[in-house]
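# Coordinates in review
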Amino acid sequence: MSKLTSDNLESWTEHFQKGWLKNFVDTKSIDWKLYKYVRNEQTVAGKGLDLSKARLLLVSSSGAYLPSKDKPFHAANLLGDYTIRTFPASTPFSELEYAHDHYDQTAVRKDAQVLLPLNHLRDLVDKKVIGSLSETVVSFMGYQPWVGRVIKKTLPAIHKIVQEEAIDAVLLVPS
Amino acid sequence: MGLIARALEEAGIRTTLTSWNAGIIRGIKPPRATITALQRGMTLGHPHDEAQQKRVLMETLKLLELDAPVDLVRLNEK
């Protein structure tokens with residue numbers, strides 16, 4: 001599943017390990033001048049679908065989690081947190097918390113739908129624009145500088161939910 | 001998010017995303033994406049601006065009906 005995730009993963013990893021990561025290990029500090037974001041050459045192909053028949057999963061990198069069920073993400077870890085949390089799509093927004101130190105949470109705490117549009121998605125299901133909404137929402141903390149760990153840890157965890165919930169389509173909303 | 005979208009698409013799951021970060025998304029090349037000029041932390045729109053949130057959401061979801069790769073769709077939302 002990782003072949004096309006990043007088509008220059010080997011060179012990216014070498015650059016990351018010798019630069020950003022080595023500096024972190026040596027100094028316990030972050031130097032973003034040493035970091036480069038992934039740039040792919042290849043695109044990924046996939047057939048379109050009929051949204052009105054699709055089962056949709058929302059994946060959010062807001063750091064949202066359900067404190068009554070799960071522990072928070074390790075938001076202070078400068079190496080990132082590559083685990084996921086799940087919570088029912090029917091969860092009242094007032095029951096959610098956010099563990100993510102890398103964005104201003106003012107907006108999402110005023111109105112969760114700026115990152116978690118669950119009421120809007122339910123409306124679209126009611127109007128038959130979307131076939132159905134997954135019973136589960138997937139969340140992670142979108143501070144993940146180590147691409148190899150995203151591929152080895154975050155991706156398989158999300159893919160497992162996709163399979164378990166018989167998902168046709170995924171809406172990804174970064175924070 | 002773009003990397004996860006690519007991997008899921010490769011596994012046969014259709015994906016779409018919206019982002020305020022055009023630079024990173026252009027580099028990653030996800031299968032389908034909309035780009036806005038909204039701010040970090042309010043990816044779908046301003047708090048309690050349901051009309052804007054619904055516009056961004058619907059424009060992003062509509063892309064699922066198209067075969068990927070789809071050229072990045074820039075939305076006039078800020």
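Definitions and cut-offs
Residues numbered from 1 in each chain as written. Chains lettered and ligands numbered in written order. Predicted model: local features only at pLDDT ≥ 70, side-chain atom pairs only at ≥ 80, totals over all residues. Helix = DSSP H or I, 4+ residues; strand = E, 2+ residues; numbered from the N terminus. Rg over C-alpha atoms; globule rule 2.2 N^0.38 Å. Buried ≥ 20, exposed ≤ 12 C-beta atoms within 10 Å, placed from the backbone. Contact = placed C-beta atoms within 7 Å. Nonpolar A, V, L, I, M, F, W, Y, C, P; charged D, E, K, R; others polar. Core = buried A, V, L, I, M, F, W, Y, C linked by C-beta atoms within 7 Å. Pairing = 2+ DSSP bridges. Domains from an automatic or database assignment. Right-handed = clockwise from strand over helix to strand, strands pointing away. Axes fitted to C-alpha atoms, helices over the stretch in contact; angles between N-to-C directions. Parallel < 35°, antiparallel > 145°, perpendicular 65-115°, else oblique. Left-handed = near helix turned anticlockwise from the far one by under 90°.

## Observations regarding the overall build of chain B
- Per the secondary structure count, chain B includes three helices and three strands.
- Of the regular secondary structure in chain B, the N- to C-terminal order runs α-β-α-β-α-β.
- A compact globule built from 78 residues should have a C-alpha radius of gyration of about 12 Å, and chain B, at 12 Å, falls within 12% of that.
- Overall size of chain B, expressed as C-alpha extent along the three principal axes, is 35 × 25 × 15 Å.
- Scored against the burial criterion, the 78 residues of chain B give a buried share of 53%.
- In chain B, of all internal contacts separated by at least 6 residues, the share reaching a separation of at least 24 is 50%.

## Considerations on the interface of chain A and chain B
- Between chain A and chain B, the residue contacts involve 48 residues of the former and 41 residues of the latter.
- Secondary structure elements with two or more residues in the side of chain A that touches chain B: helix H2 (106-110), helix H4 (147-164) and strand S7 (169-173) of chain A.
- With seven residues, the single largest contributor to the side of chain A that touches chain B is H4 of chain A.
- Each residue belonging to the side of chain A that touches chain B can be placed in one class, and the counts come to 27 nonpolar, 14 polar and seven charged.

## With respect to the nonpolar core
- Core analysis: the largest hydrophobic core is formed by 62 residues, its most contacted members being Leu56, Leu57, Val170 and Leu172 of chain A together with Ile4 of chain B.
- The residues touching leucine 172 of chain A, leaving out its near neighbours within four places in the chain, are Val59 of chain A together with Met1, Ile4, Ala5, Thr15 and Leu17 of chain B.

## Brief notes about the environment of aspartate 101 of chain A
Residue and element names in this part refer to chain A.
- With respect to the helices and strands, the residue aspartate 101 is situated in the loop between strand S4 (97-98) and H2.
- Between the C-alpha atoms of aspartate 101 and valine 138, which are 37 residues apart in sequence, the distance is 19 Å.
- Not counting the four nearest positions on each side in its chain, aspartate 101 is found in contact with Ala75 and Ala76.

## A look at the pairing of strand S1 (residues 55-60) of chain A
Residue and element names in this part refer to chain A.
- For S1, the buried fraction is high: five of the six residues fall into the buried class.
- In this sheet, strand S5 (residues 132-133) lies alongside S1 in parallel orientation, the contact comprising two bridges. What sits directly across from leucine 56, in S5, is leucine 133.
- Inspection of the sheet shows S1 paired to S7 by five bridges, in the parallel sense. Across the sheet, valine 59 pairs through a bridge with leucine 172, a residue of S7.
- Taken together, the two bridges between S1 and strand S6 (residues 136-140) define a ladder with parallel strand orientation. Note on S6: the bridge partner recorded for serine 60 is serine 139.

## Some words on the environment of leucine 8 of chain B
- Examined against the element boundaries, leucine 8 of chain B turns out to sit in helix H1 (residues 2-10).
- Remark: the alpha-carbon pair of leucine 8 of chain B and proline 31 of chain B, spanning 23 residues in sequence, is separated by 9.8 Å.
- Not counting residues within four places of it along the chain, the set of residues in contact with leucine 8 of chain B comprises His159, Val162 and Val170 of chain A together with Ile13 and Thr15 of chain B.

## What about the domain arrangement of chain A?
Residue and element names in this part refer to chain A.
- For chain A, the domain assignment lists domain 1 (1-46) and domain 2 (51-173).
- Look at where the C-alpha atoms of domain 1 and domain 2 centre, and you get two points 24 Å apart.
- The partner domain 2 presents eight residues to the 13 residues of domain 1 that form the contact.
- Its residues assigned to classes, the side of domain 1 that touches domain 2 comprises nine nonpolar, four polar and no charged.

## Remarks on the pairing of strand S1 (residues 14-19) of chain B
- The element S1 of chain B is largely enclosed, with a buried count of six among its six residues.
- Of the two faces of S1 of chain B, the one holding Arg14, Thr16 and Thr18 of chain B and the one holding Thr15, Leu17 and Ser19 of chain B are both buried throughout.
- The pairing of S7 of chain A with S1 of chain B spans four bridges and is classified as parallel. Within S1 of chain B, the residue paired with leucine 171 of chain A across the bridge is threonine 16 of chain B.
- Of the strand pairs in this sheet, S1 of chain B and strand S2 (residues 33-35) of chain B are connected by three bridges, and their pairing is parallel. Within S2 of chain B, the residue paired with threonine 18 of chain B across the bridge is threonine 34 of chain B.
- For the crossover from S1 of chain B across helix H2 (residues 22-28) of chain B to S2 of chain B, the handedness is right-handed.

## What about the packing of H4 of chain A against H1 of chain B?
- Here H4 of chain A crosses H1 of chain B at 55 degrees, and the two axes come no closer than 10 Å. Classified by the interaxial angle, the pair formed by H4 of chain A and H1 of chain B is oblique. At the point where H4 of chain A passes H1 of chain B, the crossing takes the right-handed sense. From H4 of chain A, Val147, Val150, Thr154, Leu155, Ile158, His159 and Val162 of chain A reach across to H1 of chain B, where they touch Leu3, Ile4, Ala7 and Leu8 of chain B.
- Grouping the amino acids of the contact of H4 of chain A with H1 of chain B by side-chain chemistry returns nine nonpolar, two polar and no charged.

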